[in-house]
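Structure assessment
Residue strings, one per chain:
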Amino acid sequence: MATIKFKPDASLAPSDPSELPCLFVGRLEHIKAAEYSGVCKFLGNKVDEKTWEAGLDTLACSDSCSIWLNKVTVAVVPSHVSRHNTPSCAHSVSKFVRNLAQYTGKEIIVIICQRPEAFATACAVSREFPCYNRKSGAVLPSQHEVIITCLFVGAQDLPFTSSEAACFTDAAWAIQKAQVIVDSPCNEMHTDAFIEQIKEVADKLDDVGMMVIQGDELDKKGFGGIFGVGKAAVHQPAMVVLSHKPPKANKNIALVGKGIVYDTGGLSIKGKTQMPGMKRDCGGAAGILASFYFMVKQGFNQNLFAIFCLAENAVGPHATRPDDVHILYSGKSVEINNTDAEGRLVLGDGVAYARKDLKADIVFDMATLTSAQGISTGCYHGAVLTNNSDWEQACTEAGRNSGDLIVCNCT
C-alpha cells in the first residue's frame, strides 16, 4: 500500500537511511560496477566505502545483505536466466522487494541495472505495493511513500531521465489500478463499480470518449453473450468502450477484456474449493484498462479502443440454464451446455463489436479464460493464441521486455 514516485537520481537530495531507509536491487555484477560516489548519497554518514564493499563481498554466498540496521539493504537477483525468462529477472526482483521493503512511512528503492532491463524491473518493484487493503489498522497509501530511482551501469548508458521517470510512474499507477480492481471483492467491485473505475481512468486522459451499454439495452442491441451471462446479478452486465482517436491515425486497434467481476459458475456451479478467488476473473479487463491508460499517456498515435465485457456470473431466477440458446452479437447462435464457460460468450460479443462496428485492423483480447492455461504454461507464463505468427513472436518479446512473461515460441 503505497504512493509510488519514480525520480531521476540527479533530482534527489542526499538522504539519511535512519530517516529514509534504502533498498538496493540488481545483479551483483551491476551493483559492484556502480561507483560508491553514486550510491553514497543514499547512505548518509552511516555507511562508508569500506563497509559498503565489505557488505557486497558477503553477497557472493547470499542473495541479500543488511549493511546498516535493516535500513540499508542490498538484494541481488540471479545473473543468468533461461531463454524462457526475462533478462531482468522480474519475478526475483518482486520477491526481494516483497520480503525486504519497509512498507511504512517513506522509503527509497534504488534499481541498479542496464537501461534495457529498467522498465521490467520498475514494473516488478511497483507490483509489490498494491493499494487495496481492508485489514483493520492497515497503513493507508497516503501514509506510505516509495521513491524509486535507477542507476544505470551500461557502458553507453546515460543517467535516468525525468521523461523515463514519468513513464515509469505512469506504468506504476496503471499496475496499481489493475491490482485494486482484481483484489477488491465483488460486494465492492461489482459491474457498476468497475464502470466507475473506467470513468476515473477516462477522466485522467485527454480526448478519450466513453460509451456504456448496460442491462436490457444489451439485449435489445443483440449482445446476447454478455447479457445472458450477467442478467441474473443484482448489478447488471455492461459493455463499456473507451476511444482514443489521435489525428492522422490510419489503423484501428481494439483491446478487449473479459470482466467477470465474480464467477460462481452459474447454474453449473463451482465447488467450495474452486469458487474462492473468483473475484479475480475480471483480471483481463483490469489489464486492458491499465494498458489503455499507459498507451494513451505515452502518446499512442493510432486509433485505440478498449472494450470491457462486464458481468457477474451469478445464480438466480433469471440465470442462464444449460440447454438455453443465446444469439451473440456476431449473429451466431450458441447452445449452452456449461454455464461455467462464460468467458468465451462475453468475449465473443466484444470481439464481434470490434470487427463489425469499430472496423478493427487488430483485435487483442485478454482474459482469465481457462484453467487449462495454468496446466499448460504454468504460473509465470501467460498463454497466447493468435492467427498471426508475427504477433505471437511480438507478444513473446513484449513479455520478456516487460516482465509479464508469455509462453515461449519454440519453433
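Refer to the preceding data block for the structure.
Summarised in this report is the structure supplied together with it. Keep in mind it's a predicted model, so treat the numbers as computed, not measured.

1. Some thoughts on helix H5 (residues 118-126)
Counting buried residues along H5, eight of its nine residues qualify, which places the element largely inside the surrounding structure. Regarding H5, the residues found buried are Ala-118, Ala-120, Thr-121, Ala-122, Cys-123, Ala-124, Val-125 and Ser-126. Buried residues in H5 make contact with strand E1 (3-6), helix H4 (90-100), strand E5 (105-113), strand E6 (144-152), helix H6 (162-183) and helix H13 (389-402).

2. Observations regarding the packing of H6 against helix H10 (residues 283-297)
In the contact formed by H6 and H10, the axes pass within 9 Å of each other and the chain directions differ by 160 degrees. In terms of their interaxial angle, H6 and H10 are classed as roughly antiparallel. Where H6 crosses over H10, the two elements pack in a sense that is right-handed. Here Cys-167, Asp-170, Ala-171, Trp-173, Ala-174, Lys-177, Ala-178, Ile-181 and Val-182 of H6 lie close against H10, whose contacting residues are Gly-283, Ala-286, Leu-289, Ala-290, Tyr-293, Phe-294 and Lys-297. Of the residues contributing to the contact of H6 with H10, the split by class is twelve nonpolar, one polar and three charged.

3. Notes on the sheet that holds strand E3 (residues 64-68)
Hydrogen bonds between backbone atoms are what pair the strands of a sheet, whose relative direction is either parallel or antiparallel. Ordered in space as E1-E6-E5-E2-E4-E3, the six strands form an open sheet in which the pairing is mixed. With one partner strand each, in any of the chains shown, E1 and E3 form the two edges of the open sheet. Pairs of neighbouring strands in the sheet enclose a mean axial angle of 20 degrees, with direction left out of account. Each of E1, E5 and E6 touches H5; the most contacted strand, E5, lies at about 155 degrees to it. Along the sheet, H6 contacts E1 and E6; its crossing angle with E1, the most-contacted strand, is approximately 160 degrees.

4. Quick look at the pairing of E5
Burial of E5 is extensive: seven of the nine residues sit out of reach of the surface. Where strand E2 (residues 22-27) and E5 come together, five bridges link them in parallel fashion. Opposite Val-25, over in E5, you have Ile-111 as the bridge partner. Relative to E6, E5 runs parallel, the two sharing nine bridges. Along E6, the bridge assignment pairs Lys-106 with Glu-145.

5. Focus on the pattern of salt bridges
Inspection of every chain in the model, using the stated rule, returns 16 salt bridges. In this structure, the salt-bridge partner of Arg-27 is Glu-117, at a minimum N-O distance of 3.6 Å. On the criterion of sequence distance, the pair formed by Arg-27 in strand E2 and Glu-117 in the loop between E5 and H5 is long-range, its members being 90 residues apart. Residue Arg-27 is classed as buried on the basis of its relative accessible area, which comes to 13%. Among the salt bridges present, the one from Lys-258 reaches Glu-342, with a minimum N-O distance of 3.4 Å. Here the residue Lys-258 occupies a position in strand E9 (residues 252-263), and Glu-342 occupies one in the loop between strand E12 (333-335) and helix H11 (343-356), the gap between them amounting to 84 residues.

Reading the values: rules and limits
Residues numbered from 1 in each chain as written. Predicted model: local features only at pLDDT ≥ 70, side-chain atom pairs only at ≥ 80, totals over all residues. Heavy atoms only, no water. Buried < 20%, exposed > 50% of the residue type's maximum accessible area, 1.4 Å probe, protein only. Helix = DSSP H or I, 4+ residues; strand = E, 2+ residues; numbered from the N terminus. Contact = heavy atoms within 4.5 Å. Axes fitted to C-alpha atoms, helices over the stretch in contact; angles between N-to-C directions. Parallel < 35°, antiparallel > 145°, perpendicular 65-115°, else oblique. Left-handed = near helix turned anticlockwise from the far one by under 90°. Nonpolar A, V, L, I, M, F, W, Y, C, P; charged D, E, K, R; others polar. Pairing = 2+ DSSP bridges. Salt bridge = Lys/Arg side-chain N within 4 Å of Asp/Glu carboxyl O.

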